[in-house]
Amino acid sequence: SLVEKAKKAAAYKAVDDNFPPNAKYIGIGSGSTVVYVAERIGQLPNKDSFICIPTGFQSKQLIIDNGLTLGTIEQFPDLDIAFDGADEVDPKLSLIKGGGACLFQEKLVAASAKKFIVVADYRKESNVLGKQWTQGVPIEIVPNSYVKVTKDLKQLGAKTITLRQGGKAKAGPVITDNNNFLIDADFGEIEDPADLHNKIKSLVGVVETGLFIGMASASYFGEEAGGVKLWT
Ligand code: DER
């Protein structure tokens, strides 16, 4: 499909453009676009010289499946570069992430990397967060705080607030890789994502938000008509 081609084009170009010669510690994100990042890194002649740090269970499997060396963030807290997908990117490279429920470890790895690169298809390009991605801001919370956090998010102006359910996959709420719950809170178009992140992060029970502000140094978008667009 056009979307899959776009994901692959963005991921391959991001890897080909960004490998510092002596890169060793590589953060690998979660989701469907970063699959192509792991694939491309697995094709590099010096692939055995890297140690790849995952952002969750799926990411860990991706590293193993591509024959890459797996490491932990506890052993290697200083990464050379990290690649990850996003649900939406604005022109200042602020991101909404967490569609795949992996936002906590994604943010931990992104914050540990000297360089954080986003790879995405054309659907993720946006001029204001909350415009293209209308499923709300993903927020990881301590499970027993969900009633309190829901109340507080309503006070903050969230229009709809949903405790993410497992649907057909699981009766009851989604449990993250860190044994927490996820809330999706719709704030509409987000003019000041930094301010919103700070307000949400300060609520008791919130572990982390899917608003990534000032973290990405570049975003590669695979275009619908082919080709790759770079925002920096
Ligand atoms: O949850 C996330 O932030 C993931 O990176 C994910 O949303 C990226 O989505 P993708 O499957 O479109 O790459």
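Definitions and limits used
- Residues numbered from 1 in each chain as written.
- Predicted model: local features only at pLDDT ≥ 70, side-chain atom pairs only at ≥ 80, totals over all residues.
- Heavy atoms only, no water.
- Buried < 20%, exposed > 50% of the residue type's maximum accessible area, 1.4 Å probe, protein only.
- Helix = DSSP H or I, 4+ residues; strand = E, 2+ residues; numbered from the N terminus.
- Pairing = 2+ DSSP bridges.
- Axes fitted to C-alpha atoms, helices over the stretch in contact; angles between N-to-C directions.
- Contact = heavy atoms within 4.5 Å.
- Arc of directions from axis to C-beta.
- pLDDT = per-residue confidence, 0-100.
- Near = heavy atom within 4 Å.
- Polar contact = N/O pair within 3.5 Å; in protein donor to acceptor, adjacent residues only side chain to side chain.
- Areas by Shrake-Rupley, 256 points an atom, 1.4 Å probe, with all protein chains shown as cover.
- 1 Å grid on protein atoms, 1.4 Å probe; cavity = no way out; pocket = protein on both sides within 12 Å on 5 of 7 lines; lining within 4 Å.
- Sits in = over half its atoms within 2 Å of the grid points.
- Nonpolar A, V, L, I, M, F, W, Y, C, P; charged D, E, K, R; others polar.

## Re the pairing of strand S6 (residues 113–121)
Most of S6 is tucked away: seven of the nine residues are buried. Here strand S3 (residues 79–84) runs beside S6; their pairing, made up of five bridges, is parallel. If you follow Ala 82 over to S6, its bridge partner there is Phe 116.

## Quick notes on the sheet that holds strand S9 (residues 181–186)
Pairing is antiparallel in the open sheet, where four strands are placed in the order S8-S9-S7-S10. Looking at the sheet topology across the chains shown, the edges are occupied by strand S8 (160–163) and strand S10 (206–209). Averaged over neighbouring strand pairs, the angle between their axes works out to 25 degrees when direction is ignored. Helix-sheet contacts for helix H4 (residues 103–112) involve strand S7 (137–141), S9 and S10, and the interaxial angle to S10 is about 65 degrees. Contacts between helix H6 (residues 193–201) and the sheet are confined to S7 and S10, with S10 contributing the most and set at about 165 degrees to the helix.

## Here we look at helix H5 (residues 146–155)
Every buried residue of H5 is listed here: Val 149, Thr 150, Asp 152 and Leu 153. The arc that holds every buried residue of H5, seen down its axis, measures 165 degrees, which confines them to one face. Among the exposed residues of H5, those oriented more than 90 degrees off its buried face are Val 147, Lys 151, Lys 154 and Gln 155. Taken together, the buried residues of H5 touch S7, S8, S9, H6 and S10. Two residues or fewer past H5, Gly 157 is found with a positive phi of approximately 105 degrees.

## Points about the confidence of the model for the chain
Summarising the model, the chain shows a mean pLDDT of 97, and 100% of its residues fall at 70 or more. For this predicted complex, the interface score ipTM comes out at 0.97, alongside a pTM of 0.98.

## Some details on the site of the ligand
Residues in close proximity to the ligand total 14 residues, the closest being Ser 32, Thr 33, Asp 87, Gly 100 and Lys 124. At 2.8 Å, a backbone N or O of Gly 98 approaches an oxygen atom of the ligand. Contact between the ligand and Gly 100: an oxygen atom at 2.7 Å from a main-chain N or O atom of the residue. Burial of the ligand by the surrounding chains reaches 91%, relative to a free accessible area of 350 Å². In this structure, the ligand is accommodated by the largest pocket. Residues belonging to the shell around the ligand are distributed by class as follows: one nonpolar, eight polar and five charged.

## Some details on the sheet that holds strand S11 (residues 211–212)
Strand order across the open sheet formed by three strands is S4-S5-S11, with antiparallel pairing between neighbours. Among the strands making up the open sheet, the edge pair consists of strand S4 (88–89) and S11. Pairing geometry for strand S5 (residues 95–96) and S11, over two bridges, is antiparallel. Note on S11: the bridge partner recorded for Leu 95 is Phe 212.

## A look at unusual backbone geometry
The phi angle at Leu 93 is positive, at roughly 65 degrees, despite the residue not being glycine. Among the structural elements, Leu 93 can be located in the loop between S4 and S5. On the accessibility criterion, Leu 93 (4% relative accessible area) is buried. Non-glycine residue Ala 101 carries a positive phi angle of around 65 degrees. Positionally, Ala 101 belongs in the loop between S5 and H4.

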